[in-house]
Amino acid sequence: MVVPLPSADVIDALLSEALCGQPAPWPWDAGAAIDAVFARARLHGVIALVNAQPSTRKWPGRFVELCRAEAQALAMWELRHQAVLGQTLRALADEGTKPLLIKGTALGYSLYDDPVQRTRADTDLLIPPLAAKTAERTLLRLGFDRVPSAPSYQATYILRLTDGTSHALDVHWRINNSELLARLLPYEELTGSAQPVAALGTHALAPSLMHSLLIACMHRATHRHNPYHVAGESHHEPDRLIWLRDIDLLARALTKEQWRELGTAATTKGLSATCLEGLQLAARSFHTPLPANALKSLSGTPGRADRYLQSRPVRQHWLDFLAFDSMRARARWMRDIALPPEPYMRTKYPGGGGLPWLYLRRAAAGVAKRLHL
């Protein structure tokens, strides 16, 4: 008789219970569901967090060993990544560029018990728009390679070390690649209240806790349609436990004054519904204490950015089109979507034939994706 595997919801509930420090006993026969639970924990980016929980040490031995081995590998990568970041931030500062660490790395080194527990594949940096060329020269000099990409407000650089590890930096000069969302949190605003990340050296800065919470909620909502990748596979699931854990830890760290600032900023930027949704989902998974006054301040009519994030991709493209200041900028944006540069196309479709054929492949894939979503 074939025993059916537990559903994703059942597994997620078990993982959440364990991450909350609850007893969380293994509910199946000793040998059952190990691979399914491990795969789900990896998808959620919480294997290192699960490995650190006392209750999970009583789970089946093979599961415990799988988590321990992956957590050890992540710890070795983190040790090298920390050194790479320290060198990179110093080099950028020497050239007059002061990046902000955003999202996973910033939170890993400021809110988590151990940065290893904030699993991630790269580090995100936000720089002034006019510093993009200087930053690229610096990174290339340090040995990074730029990854071919479609035109956007970010570039990815990878440093491959002799120990076999790779270290990716996503360098953003605007907070999001959506034209509408990109305007919400400019570099100048975020640096005005930035705070140091002492563990990464004197040049490491991150947005304030309030701004980091806005970014975390917005980032989670963008993945309603934008994929993320785990072990080379694409996924469309905005409620990853690691993202909700970010929101949980940020919410726990806010002062009363910062909660008031959050309500004002979220409403002003049209992100109140997005923040409310993210906070409520975090509370559902991690029992995050949420002040009643804060929830009330976020419960008004959804703003422009909220409606954008709740829309389907075709509607989002239209709203981005309207967000540009001129027809010339709109035309350039449409050209970049339809006809990305050749290096990007060759990388995305290796061995795929002539460039016109590759553009046709891209168009067909885009139509199929939109119909699916």
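Structural notes, computed from the coordinates. Quick caveat: nothing in here was measured; it's all calculated off a predicted structure. (Residues numbered from 1 in each chain as written. Predicted model: local features only at pLDDT ≥ 70, side-chain atom pairs only at ≥ 80, totals over all residues. Heavy atoms only, no water.)

**Regarding the overall build of the protein**
And step 1. Of regular secondary structure, the protein possesses 18 helices and nine strands.
And step 2. The C-alpha atoms of the protein give a radius of gyration of 21 Å, which matches the 21 Å a tight globule of 373 residues would have.
And step 3. Taken along its principal axes, the extent of the C-alpha atoms in the protein is 60 × 55 × 45 Å.
And step 4. Across the 373 residues that make up the protein, the buried fraction comes to 49%.
And step 5. As presented, the protein carries roughly 18,300 Å² of accessible surface, and 56% of it is formed by carbon and sulfur atoms.
And step 6. Across the protein, the 43 positively charged side chains and the 34 negatively charged ones have centroids separated by 5 Å. (Helix = DSSP H or I, 4+ residues; strand = E, 2+ residues; numbered from the N terminus. Rg over C-alpha atoms; globule rule 2.2 N^0.38 Å. Buried < 20%, exposed > 50% of the residue type's maximum accessible area, 1.4 Å probe, protein only. Areas by Shrake-Rupley, 256 points an atom, 1.4 Å probe, with all protein chains shown as cover. Lys, Arg positive; Asp, Glu negative; His and termini not counted. Charge placed at Lys NZ, Arg CZ, Asp CG, Glu CD.)

**Considerations on the state of the cysteines**
And step 1. This model, assessed by the stated rule, comprises zero disulfides.
And step 2. Cysteine 67 provides the cysteine sulfur closest to cysteine 20, a residue in no disulfide bond, and the two sulfurs are 17 Å apart. (Disulfide = S-S within 2.5 Å.)

**Quick look at the packing of helix α9 (residues 209-222) against helix α12 (residues 272-286)**
For any two helices packed against each other, the geometry is given by the interaxial angle and the distance between the axes.
And step 1. Contact geometry of α9 with α12 gives a least axis separation of 9 Å together with a crossing angle of 85 degrees. In this view, α9 runs roughly perpendicular relative to α12, as classed from their interaxial angle. Residue-level inspection shows Leu213, Leu214, Cys217, Met218, Arg220 and Ala221 of α9 in contact with α12, the latter providing Thr274, Cys275, Glu277, Gly278, Leu279 and Leu281.
And step 2. When the residues that make up the contact of α9 with α12 are grouped by side-chain class, the tally is eight nonpolar, two polar and two charged. (Axes fitted to C-alpha atoms, helices over the stretch in contact; angles between N-to-C directions. Parallel < 35°, antiparallel > 145°, perpendicular 65-115°, else oblique. Contact = heavy atoms within 4.5 Å. Nonpolar A, V, L, I, M, F, W, Y, C, P; charged D, E, K, R; others polar.)

**Considering the pattern of salt bridges**
And step 1. Tallying each qualifying case throughout the model produces 22 salt bridges.
And step 2. Residues glutamate 70 and arginine 42 are paired through a salt bridge, measuring 2.5 Å at the closest nitrogen-oxygen approach. With a gap of 28 residues between them, glutamate 70 in helix α4 (residues 61-94) and arginine 42 in helix α2 (residues 34-43) connect regions that are remote in the sequence.
And step 3. Residue arginine 42 is classed as partly exposed on the basis of its relative accessible area of 34%.
And step 4. Note that aspartate 248 is salt-bridged to arginine 245, the shortest N-O span being 3.0 Å. Pair noted here: aspartate 248 and arginine 245 are both in helix α10 (residues 241-253), with a separation of three residues, about one helical turn. (Salt bridge = Lys/Arg side-chain N within 4 Å of Asp/Glu carboxyl O.)

**Some details on the side chain of histidine 211**
And step 1. Structurally, the position occupied by histidine 211 is in helix α9.
And step 2. Here histidine 211 falls in the buried class, since its relative accessible area comes to 5%.
And step 3. Within polar-contact distance, the side chain of histidine 211 engages the side chain of serine 193 at 3.3 Å.
And step 4. Among all residues touching histidine 211, those that are not within four sequence positions of it are Leu185, Glu189, Leu190 and Ser193. (Polar contact = N/O pair within 3.5 Å; in protein donor to acceptor, adjacent residues only side chain to side chain.)

**Description of α10**
And step 1. Helix length check: α10 (13 residues) gives 18 Å between terminal C-alpha atoms against 18 Å at 1.5 Å per residue, within 8%.
And step 2. Within the span of α10, buried status applies to Leu241, Ile242, Trp243, Leu244, Arg245, Asp246, Ile247, Asp248, Leu249, Leu250 and Ala251. (Expected span 1.5 Å × (residues − 1).)

**Structural notes on the pairing of strand β2 (residues 122-126)**
And step 1. Burial of β2 is extensive: four of the five residues sit out of reach of the surface.
And step 2. The pairing of β2 with strand β5 (residues 166-172) spans five bridges and is classified as parallel. Bridge pairing in β5 links leucine 125 to valine 171. (Pairing = 2+ DSSP bridges.)

**Concerning the environment of glycine 278**
And step 1. Its place among the elements puts glycine 278 in helix α12.
And step 2. By relative accessible area, which is 0% here, glycine 278 ends up buried.
And step 3. As a C-alpha pair, glycine 278 and histidine 219 span 59 residues in sequence and 9.9 Å in three-dimensional space.
And step 4. Ignoring anything within four residues of it in the chain, the contact list for glycine 278 reads Cys217, Arg220, Leu244 and Ile247.

**A short note on the packing of aromatic side chains**
And step 1. Scanning the model with the defined rule gives nine aromatic pairs in all.
And step 2. Each residue in the set Trp26, Trp28, Phe38, Trp59 and Phe63 is aromatic and connected to the rest through ring pairs, giving one cluster.
And step 3. One Lys or Arg, arginine 174, reaches over the ring of tyrosine 153 and ends 4.6 Å from the middle of that ring.
And step 4. If you follow arginine 330 out to its NZ or CZ, it ends over the ring of phenylalanine 321, 5.2 Å from the centre. (Phe/Tyr/Trp six-rings, centres within 6.5 Å; stacked < 30°, edge-to-face > 60°. Lys NZ or Arg CZ within 6 Å of the ring centre and 35° of its normal.)

**What about the nonpolar core?**
And step 1. Of all hydrophobic cores here, the largest spans 72 residues; its most connected members are Trp59, Phe63 and Leu214.
And step 2. The contacts of leucine 214, once residues within four sequence positions are left out, are Leu185, Leu262, Ala265, Ala266, Lys269, Leu271 and Cys275.
And step 3. Ala91, Leu139, Trp173 and Val197 belong to the second largest nonpolar core, which has 31 residues in total. (Core = buried A, V, L, I, M, F, W, Y, C linked by side-chain atoms within 4.5 Å.)

**Things to note about unusual backbone geometry**
And step 1. Backbone geometry places alanine 24, a non-glycine residue, at a positive phi of 45 degrees.
And step 2. Following the sequence through the fold, alanine 24 ends up in the loop between α1 (8-19) and α2.
And step 3. Residue classification places alanine 24 among the buried positions, given a relative accessible area of 0%.
And step 4. Phi is positive for lysine 103, close to 65 degrees, though the residue is something other than glycine.
And step 5. Inspection of the secondary structure assignment puts lysine 103 in the loop between β1 (100-102) and α5 (104-108).

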